[in-house]
Amino acid sequence: MARAFLFVLDSFGVGGAPDARDYGDDGANTLGHIAEFCAAGAGDRKGLRSGPLSLPNMSSLGLVTIAKLASGRAPAAMPMPDRVFGLHGAASEVSRGKDTPSGHWEIAGTPVMFDWGYFPAEGDAFPPELVEAICREAELPGILGNCHASGTEIIARLGEEHIRTGKPICYTSTDSVFQIAAHESHFGLERLLNLCRIVRKFVDPLNIGRVIARPFVGETPATFVRTGNRRDFSVPPPEPTLLDRIVEAGGKVHAVGKIGDIFAHQGVSDLTKANGNMALMDATLDVIDRAEDGDLVFTNFVDFDMLYGHRRDVPGYAAALEAFDRRLPEVHRKLRPGDMVVLTADHGCDPTWRGTDHTRERVPIMAFGPGIKSRLVGIRSTYGDIGETVAAHLGIPVGRHGRSFL
């Protein structure tokens, strides 16, 4: 009689990755630096939030202890709670890269031990033969962008030209991605998705992790806004994941948000989409109500990364964390005997760090539920321990990577 709920706070790193220097991220600490800025008043924004970072519910699940364990220092002005509930610790990543698929797949017991393909940072991002092949098959007059860029910035810069010419905006980042921004009505959402499918075929030999559709609306740079119809076209994981193993054992995997896309819809029983963290929480609470014994509800809360980490928005990130924290009691009230909730992350995206990309960090582990006693589980050597803990809780056979901390 067990159910599991796995929540990924996208990019909520806690610093301290032992190989951070290899990625140029030595010293990056998403939680630590947000707390530091907030304590100094640099996280204030009129009408949004002010003062020190306040996460009382996650702190009671061990977050302050976790931060000190992972990075060697407690987050500024966040008090240690009188009592900690549940299992708590941190995990280091063994997968190569610091992107979404690597983190999620490793959480699900399948670390990425190969090198992703990447596009060059200088000059044209995409080789001319690739651009030519895409334009020929998709019957495009050409593309715009062809560079490393921030998604919101490049849409503001090239959106009007895109509408006028019909050329999609194509760009990449330090992650293994080919991103395509196009207007939902002027270009067409289905046309954008079909274009992504074409691109997916051409970038497979380059070992590119994701092709991402970035639809937007609006008519001017001041009114352009990305919609909730984002779609990620990912390569499938290299071997069966926790999701596949749950389904094989007779359970269901309820994917909320972009989880289905991240796993190329392998091992996903049903999919629930929502736009924004609070809508994702609403959807998750609804799915919890219908989840049955042996099921996993797997949610990615994307706003932390997409709206605040990449945009280096400390007040926005802090406010989003506080809003999420306030809603955790709603999750707790839904639980029944045999349930376990795990809160974690897939990588960091320190909003105080240089650039606009992900940061290599350890991630928090907070696991709670009826009958789960408080215990420090230490620093785990792989995110895979998270997936193996879920597997052990649900009573399915052990996987090849990771070790349960139950």
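Residues numbered from 1 in each chain as written. Predicted model: local features only at pLDDT ≥ 70, side-chain atom pairs only at ≥ 80, totals over all residues. Heavy atoms only, no water.

Trainee: What's the story with the overall build of the chain in this structure? I'm lost.
Mentor: Counting its secondary structure elements, the chain contains 13 helices and 14 strands. The globule rule puts the C-alpha radius of gyration for 406 residues at 22 Å, and the 21 Å found for the chain is close to it. Principal-axis analysis of the C-alpha atoms gives the chain an extent of 60 × 50 × 40 Å. Of the contacts made within the chain by residues no fewer than 6 positions apart, 69% connect residues no fewer than 24 positions apart. Here the chain has roughly 15400 Å² of accessible surface; of this, 52% comes from carbon and sulfur atoms. (Helix = DSSP H or I, 4+ residues; strand = E, 2+ residues; numbered from the N terminus. Rg over C-alpha atoms; globule rule 2.2 N^0.38 Å. Contact = heavy atoms within 4.5 Å. Areas by Shrake-Rupley, 256 points an atom, 1.4 Å probe, with all protein chains shown as cover.)

Trainee: Would you mind showing me how to read helix H4 (residues 100–107) here?
Mentor: Each α-helix winds once per 3.6 residues, and so residues spaced three or four apart point in a common direction. Across the eight residues that make up H4, a large majority, eight, are buried. Buried within H4 are the following residues: Thr 100, Pro 101, Ser 102, Gly 103, His 104, Trp 105, Glu 106 and Ile 107. Lining the buried residues of H4 we find strand S1 (3–9), strand S6 (210–217), helix H9 (259–262), strand S11 (296–301), strand S12 (339–344) and helix H13 (384–394). (Buried < 20%, exposed > 50% of the residue type's maximum accessible area, 1.4 Å probe, protein only.)

Trainee: Which parts of the structure should I look at to understand the nonpolar core?
Mentor: Phe 12, Leu 31, Leu 53, Met 58, Leu 296, Phe 324 and Leu 343 are the most contacted members of the largest nonpolar core, which totals 84 residues. The dominant element in this core, judged by the number of residues it contributes, is helix H12 (residues 314–334), at eight residues. Phe 12 has contacts with Leu 31, Met 58, Leu 63, Tyr 317, Leu 321, Ala 345, His 347 and Pro 364, leaving out every residue within four places of it along the chain. Grouped together as the second largest cluster of nonpolar side chains are 26 residues, Ala 125, Ala 182, Val 211 and Ala 213 included. (Core = buried A, V, L, I, M, F, W, Y, C linked by side-chain atoms within 4.5 Å.)

What is shown is where atoms sit, not what they do.
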